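# Inside the fold
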Amino acid sequence: MNIKGKIFKLSDNVDTDVIIPAKYLNTSDPKVLALHCLEPLLEQLGKKLEGYNIIVAGKNFGCGSSREHAPVAIKYAGVNCIIAESFARIFFRNAINIGLAVVELPNAKKNFDFDDIVEVDLAKGVVKNLTKKQEIKFLPFPEFLQKIILSGGLINFVKENIKE
Amino acid sequence: MSAQTITQKIIAAHCGKKYVYEGEYVFAKVDLALSNDVTTPITIQQFYKIFDNTTPKVFDKNKIVIVLDHFTPNKDIPSAQQNKITREFAKKFKITHFYDGGCAGIEHALLPEEGLIKPGDIVIGADSHTCTYGALGTFSTGVGSTDLSVVWALGKIWLKVPQTIKIIYYGKRNKNVFGKDLILATIKKIGVEGANYKTIELTGEVIKNLSIASRFTMTNMAIECGAKNGIIEPDEITYNYLKQVTGKKPKILNWLKSDKDAKYYQEIEIDCSKIYPQVALPYLPENSVNVKDLDKKIYIDQVVIGSCTNGWYEDLYLAAKVLKGKKVNPNVRCLIFPATPKIYLAAVKTGLIETFLNAGCIVNPPTCGPCLGGHLGILAEGERAVATTNRNFVGRMGHTKSEVYLTNPVVAAYSAIKGYIASPE
């Protein structure tokens, strides 16, 4: 599976409270959540997420709460891949479970800039930075997680298992 | 057969194995599945998706716990709608342990108090602070709603067996140093992602002598250094607490401890005689410093005493001792949140609530309330709060330009009187 797009760049420790503030947790509607995705950070940066579909961030992306509203908000805001130096554990699980691609890449912040155009090949484990004309390899997921991803998320994976 | 940690032993016992190795993926049986008013509605959506062609069925209605605690009593129309969905689901599936209205309290204080948490069990919760129950020797960890919906359906969860960081606490504890200060100092030492994907096992003479409330505070904040779970081997203090909450003699599990030669990812020693009352400055729980070392007065607008971290009876008792016969500073709103109805009642009977009211505090119902910026004490632009809660992220308690300072209940109560962050001598 290949994902091509433009990079929106964030820093370390992007927590779930800035991904989707708790005042919006009174709904489970993905479209409403998407409207407020990263709201406090976007205000600070004076930027909009529109037109970007790949987030690059530093370490500990998604730390804090277990709210699945966070990856859901990101996914429905039009982002289909997050490349980070590391992910907080619960966010990582949630992203895989709902079918949002996550790539762990050391030095992600150094290698990518705002507005770079990149192409991510999840199966081969390669990110091509078309703007900088660089290729960076990453470790593909362990077999167990690949099965979940190939099923299209945890719900489908479980459905297949129930049938068996 | 290799030696194992307590966490490995619990996981092995739940997937029919004698031994599990670090990094191994397993499907483990779950003893209790928890969710709250924020995470249940999405769990319900995902649960129905699993059964799109068949009749939906929960794995065991007695092993599912749902607590309405975050935005309750209903804070606005959308949360009222969400709670309605959850109430109807609980009724439809005859969920035994459904806590609502006057029976509801903050989930992580409520479940142990209800006798639902047992040493050696696996508890999975759609709430990041599910790791709290490790204080009783339970393997417990937070997940998202999709993971939980699968637990509702199958009674199982996929887990990667974690590596363990052993933390050994030694030395004499200083005055007014509690579980909160020990865990803030620990998070400062290892960092907010220092234990990501790993277990932190809390050991040593200081833990052995720590009250159950302080132990809960410490395992509650295991997630703040990224840990999958925090765990303490059950001992006499644990079993006494279990006897007190269940009214029955608890089953003592002799196997429930780490083997002497168990393999650890890392061992960290912490000299508690060097730890003084802590305050974690905005905007990360790892930013803690000694309160006594603050070089200028940090004036505050609000104090919050409560939450799943520090809403225990002992916390209220400690805060009341400081506030007795004193008045809250006129520039400060001091909010008290007993974590559960039982804690609230005990605080009424023992006069703590009277002390709080006489001091000019606002006593609130058991709810998460302002801890996550939900309701009942939201901060305006530029306002500062001292809170006994667990997170001080940007905008956590309200406006993105407000600030939260994390402390223990004694520092919080004393700061409420002073009007700035301070610790009694």
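Small disclaimer: the values here were computed from a predicted structure and weren't measured. (Residues numbered from 1 in each chain as written. Chains lettered and ligands numbered in written order. Predicted model: local features only at pLDDT ≥ 70, side-chain atom pairs only at ≥ 80, totals over all residues. Heavy atoms only, no water.)

### Overview of the overall build of chain A
Let me state the cut-off plainly: Helix and strand labels come from DSSP, where a helix needs a run of H or I of at least four residues and a strand needs a run of E of at least two; each type is numbered from the N terminus. We compute the radius of gyration from the C-alpha atoms alone; for a globule the expected value is 2.2 Å times N to the 0.38, where N is the number of residues. Only protein chains enter the accessibility calculation, which uses a 1.4 Å probe; a residue whose area is less than 20% of its type maximum is buried, one above 50% is exposed, and one in between is partly exposed. When checking whether two residues touch, look at their non-hydrogen atoms; a contact exists if any pair is within 4.5 Å. Note on areas: Shrake-Rupley with a 1.4 Å probe; residue coverage comes only from the protein chains shown. In summary, the charge assignment counts Lys and Arg as positive and Asp and Glu as negative, without counting His or the chain termini. Every charge is mapped onto a representative atom, which is NZ of Lys, CZ of Arg, CG of Asp or CD of Glu.
Looking only at helices and strands, chain A has 8 helices and 7 strands in total. Against the 2.2 N^0.38 benchmark of 15 Å for 164 residues, chain A shows a C-alpha radius of gyration of 15 Å, consistent with a compact globule. A principal-axis box enclosing the C-alpha atoms of chain A has dimensions of 50 × 40 × 25 Å. Counting over 164 residues, chain A shows a buried share of 60%. Once local pairs closer than 6 in sequence are excluded, the contacts in chain A between residues at least 24 apart make up 63%. Total accessible area on chain A stands at roughly 7000 Å², and carbon and sulfur atoms take up 52% of it. Charge separation in chain A, taken as the distance between the mean sites of 22 positive and 19 negative side-chain charges, equals 2 Å.

### Observations regarding the sheet that holds strand β9 (residues 199-203) of chain B
All names here are of chain B. Which entries qualify depends on this criterion: What makes two strands pair is DSSP finding at least two bridges between them. Note on geometry: axes are lines fitted to C-alpha atoms, helical ones only across the stretch in contact, with angles between N-to-C directions running from 0 to 180 degrees.
Overall, parallel pairing links the 4 strands, which are arranged β10-β9-β8-β11 in an open sheet. Each edge of the sheet is formed by a strand with only one pairing partner; in this case those strands are β10 (229-231) and β11 (266-271). Averaged over all pairs of adjacent strands, the angle between their axes in this sheet comes to 20°, without regard to strand direction. In this structure, strand β8 (residues 164-170) lies alongside β9, joined through 5 bridges in parallel fashion.

### A short note on the interface of chain B and chain A
Counted only if it meets this: A 1.4 Å probe defines the accessible area here, and the buried area is the portion of it lost by two parts on being joined, summed over both. Whenever Lys or Arg places a side-chain nitrogen within 4 Å of a carboxyl oxygen from Asp or Glu, that contact is recorded as a salt bridge. Contacts described as polar in this section are N or O atom pairs within 3.5 Å, which, within protein, must combine one atom able to donate a hydrogen with one able to accept it, while residues neighboring in sequence count only if both atoms come from side chains. Only Asp, Glu, Lys and Arg are considered charged, only Ala, Val, Leu, Ile, Met, Phe, Trp, Tyr, Cys and Pro nonpolar, and every remaining residue, Gly among them, polar.
Each partner contributes to the interface: chain B provides 46 residues, whereas chain A provides 43 residues. Roughly 3800 Å² of surface becomes buried between chain B and chain A when both sides are summed, with 60% attributable to carbon and sulfur atoms. A per-residue breakdown of the area chain B buries against chain A is headed by Tyr25, Trp158 and Tyr197 of chain B, which together make up 17% of the total. The interface formed by chain B and chain A holds 3 salt bridges in total. The partner of Arg93 of chain A in a salt bridge is Asp147 of chain B, and the shortest N-O contact between them spans 2.7 Å. At the boundary of chain B and chain A, one finds 21 residue pairs in polar contact (both at pLDDT 80 or more). For the side of chain B that touches chain A, the elements supplying multiple residues, two or more each, are β1 (25-29), α2 (40-50), α3 (77-92), β6 (139-142), α5 (145-154) and β7 (156-160) of chain B. Here the side of chain B that touches chain A is built from residues that sort into 22 nonpolar, 14 polar and 10 charged.

### Some points on the domain arrangement of chain B
All names here are of chain B. Our working definition: For each domain, the first and last residues come from an automatic or database assignment.
Domain boundaries in chain B define domain 1 (6-270) and domain 2 (279-418). Counting residues at the interface gives 39 residues for domain 1, matched by 35 residues for domain 2. Between domain 1 and domain 2 lies a buried interface of about 3000 Å² when both sides are counted; carbon and sulfur atoms form 62% of it. Joining domain 1 to domain 2, the criterion identifies 2 salt bridges. The residue Glu224 makes a salt bridge to Arg391 at a minimum N-O spacing of 3.0 Å. Joining domain 1 to domain 2, the criterion identifies 25 residue pairs in polar contact (both at pLDDT 80 or more). Sorting the residues of the side of domain 1 that touches domain 2 by element identifies α4 (107-113), α6 (179-190) and α8 (212-220) as the ones contributing at least two each. Tallying contributions element by element places α6 first for the side of domain 1 that touches domain 2, with 6 residues. Tallied by class, the residues present in the side of domain 1 that touches domain 2 amount to 18 nonpolar, 13 polar and 8 charged.

### A closer look at the nonpolar core
Heads up, the rule is: Here, nonpolar core means buried Ala, Val, Leu, Ile, Met, Phe, Trp, Tyr and Cys residues that are tied together by side-chain atoms lying within 4.5 Å of each other.
If you look at the biggest cluster of nonpolar residues, it comprises 146 residues, and the most contacted ones within it are Leu38, Phe61, Ile74 and Ile82 of chain A together with Leu111 and Phe356 of chain B. Both domains that meet at this core, namely domain 1 (6-270) and domain 2 (279-418) of chain B, each give it at least three residues. If we ignore the near neighbours within four places in the chain, the residues touching Phe356 of chain B are Leu316, Ala319, Ala320, Leu323, Ile336, Cys361 and Val363 of chain B. Among the nonpolar cores identified, the runner-up in size contains 44 residues, and Val177, Ala195, Val304 and Val404 of chain B belong to it.

### Concerning the sheet that holds strand β3 (residues 81-84) of chain A
Residues and elements named next belong to chain A. With respect to topology, 7 strands assemble into an open sheet ordered β4-β3-β2-β1-β5-β6-β7, the strand pairing being mixed. At either margin of the open sheet sits one strand with a lone partner, and together these are β4 (101-104) and β7 (134-137). Between one strand axis and the next, the sheet turns by 25° as a mean value, whatever way the strands run. As paired elements, strand β5 (residues 117-121) and strand β6 (residues 126-129) share 4 bridges and run antiparallel to each other. Bridging from a neighbouring strand, Val120 pairs with Val127 of β6.

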